[in-house]
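The primary structure of each chain is shown beneath.
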There are 2 protein chains.
Amino acid sequence: MAEFRVINVNVGVFDKNDRVADANRAKLRAQKTFMLNVMASPGAGKTTTLLATIAALKDKYKIGVMEADIDATVDAETMANAGVRSIQVHTGGECAMDAEMTRQALEEFPTEDLDLLFLENIGNLVCPAETDTGASKNIEILSVPEGDDKPLKYPLMFEVCHAVLINKIDTTDYFPFDFDAVEERIHRLNPDCKIFFVSARTGEGMQEWIDWLDSEVAAWNA
Amino acid sequence: MAEFRVINVNVGVFDKNDRVADANRAKLRAQKTFMLNVMASPGAGKTTTLLATIAALKDKYKIGVMEADIDATVDAETMANAGVRSIQVHTGGECAMDAEMTRQALEEFPTEDLDLLFLENIGNLVCPAETDTGASKNIEILSVPEGDDKPLKYPLMFEVCHAVLINKIDTTDYFPFDFDAVEERIHRLNPDCKIFFVSARTGEGMQEWIDWLDSEVAAWNA
């Protein structure tokens, strides 16, 4: 099996979070590393989407992944086996990565030479939305089986995202999903949010998302 | 539209949680109301499963539902439109119902004459597992599209549950899912956990789950 490390990180003081997040962002900007905070429900397809995205961009950028989980090393193993530089971060039961945990992970994981760093956050639509990690941008992956009502139930998540990927669009035969309604619900909360309709498995719609990410990375690292 | 109320509840003091939870449980036992705490990821099918379960048991038991959400009233509307006594509980951004929030909801929602009360918790596999609400039993609904690795990533959730429903088993053509592996992973964490393989939409496997719930309600209210 390919190699990756596992580290345990400790939660920070809440009222200092924004200061630590800004310091993380400044460090990443100085070293020209774009960090994308990837949020979603459990099983929405974060890892599959990242693998497909990395495959498309790996010849252009140096890429790494920090996998945050309560427990297990499943995702870091998947990334390592795909040849992606990765680290497994265990949050000690915390329901999201905060800025201090991200700072500790950035100390343990070599990122100086990376152009693009993915932070795959804990699977959860509540806590990760409340905590700035210091990422350059935030995205949410909402999968069709979860339903088009999620922006109504978890509005903050959709407010803090720069882009939303509606994933698993190849499963609408099984799961009724109103694309117009979800778009309207997201844009009511966040008019500037980019929305991409994709299937990470079949590749449908992925190019538009990858082009957007590519342009964001290029702009950050310019 | 059918009627239901919306209430806002406030988080309790953490170290008093177990005491308040025990008081909730004692109150419910005294009034012969079985409360089932229903936990799951967003979009795992909590509401659909509850609707099918209620349809099967409504002639035998008086049933009510407390719908906990960060925002929106989608689920309470669905329940009310199906003729189920329901209340929408808003948690003020908190990622789970705690015992104090449940106590406040039980004060606002008439449950004295109910045999069976469902608490549909916030969609999340982390926070709800950490907090005793005072429910008689806990269940988790894990849907096939989420993947069979969830017991590895969110072990506490599977440790605190008395039963797990593996839902959306009609979608295995789209989503590879190892039923033996998930069973083994759950039982390694929690050997006594009941596991039911169901599709709330097609009805497959539902009778065995409903029979189990029926026997639990009868035992509690005896």
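What you see is a predicted model, and the numbers here were worked out from it, not measured in a lab.

Asker: Looking at this structure, I do not really get the pattern of salt bridges. What am I missing?
Answerer: Pairing between side chains of opposite charge can happen when their charged atoms approach one another. Overall, the coordinates contain 28 salt bridges over all chains when judged by the stated rule. Ionic pairing is found between Lys153 of chain A and Asp149 of chain A, a salt bridge with its closest N-O pair at 3.6 Å. According to the relative accessible area criterion, Lys153 of chain A is buried, its value standing at 7%. Several salt bridges converge on common partners, so that one network encompasses Asp75 of chain A together with Asp149, Lys150 and Lys153 of chain B.

Asker: Teacher, can you tell me more about the interface of chain A and chain B here?
Answerer: Chain A puts 34 residues into the contact, and the matching count from chain B is 34 residues. When chain A packs against chain B, the two sides together hide about 2700 Å² of surface, and 59% of this comes from carbon and sulfur. In terms of surface lost to chain B, no three residues of chain A exceed Pro42, Lys153 and Tyr174 of chain A, which account for 25% of the buried area on that side. Counting the contacts that link chain A with chain B gives two salt bridges.

Asker: Explain helix H3 (residues 74-81) of chain A to me, please; I cannot follow it from the model alone.
Answerer: The α-helix advances 3.6 residues per turn, and as a result positions three or four apart in sequence lie on the same side. Restricting attention to buried positions, one finds in H3 of chain A the residues Asp75, Ala76, Met79 and Ala80 of chain A. Buried residues along H3 of chain A cover an arc of 135° about the axis, so they all sit on one side. Along its buried surface, H3 of chain A packs onto helix H2 (46-57), strand S3 (63-69), strand S4 (85-90) and strand S5 (116-120) of chain A together with helix H6 (150-153) of chain B. Just downstream of H3 of chain A, Gly83 of chain A is the residue with a positive phi angle, here 80°.

Quick notes on the rules
Note that residues are indexed from 1 along each chain, following the sequence as it is written. Note on labels: chains are lettered from A, ligands numbered from 1, in written order. Per-residue local features are limited, in this predicted model, to residues with pLDDT of at least 70; the limit for side-chain atom pairs, both in listing and counting, is 80 or more; totals at the level of whole chains, interfaces and linings are taken over all residues. Side-chain figures throughout are based on the complete set of non-hydrogen atoms in the structure, without hydrogens or water. What counts as a salt bridge is simple: a side-chain nitrogen of Lys or Arg found within 4 Å of a carboxyl oxygen of Asp or Glu. Relative accessibility thresholds used throughout: buried, under 20% of the residue-type maximum; exposed, over 50%; partly exposed, between the two (1.4 Å probe, protein chains only). Working rule for contacts: check all heavy atoms of both residues, and any pair within 4.5 Å makes them a contact. Buried surface area refers to the total accessible area, computed with a probe of radius 1.4 Å, that the two partners give up upon joining, counted for both partners together. Helical segments are the DSSP runs of H or I of at least four residues, strand segments are the runs of E of at least two, and each set is numbered from the N terminus. Directions from the helix axis toward the C-beta atoms define the arc.

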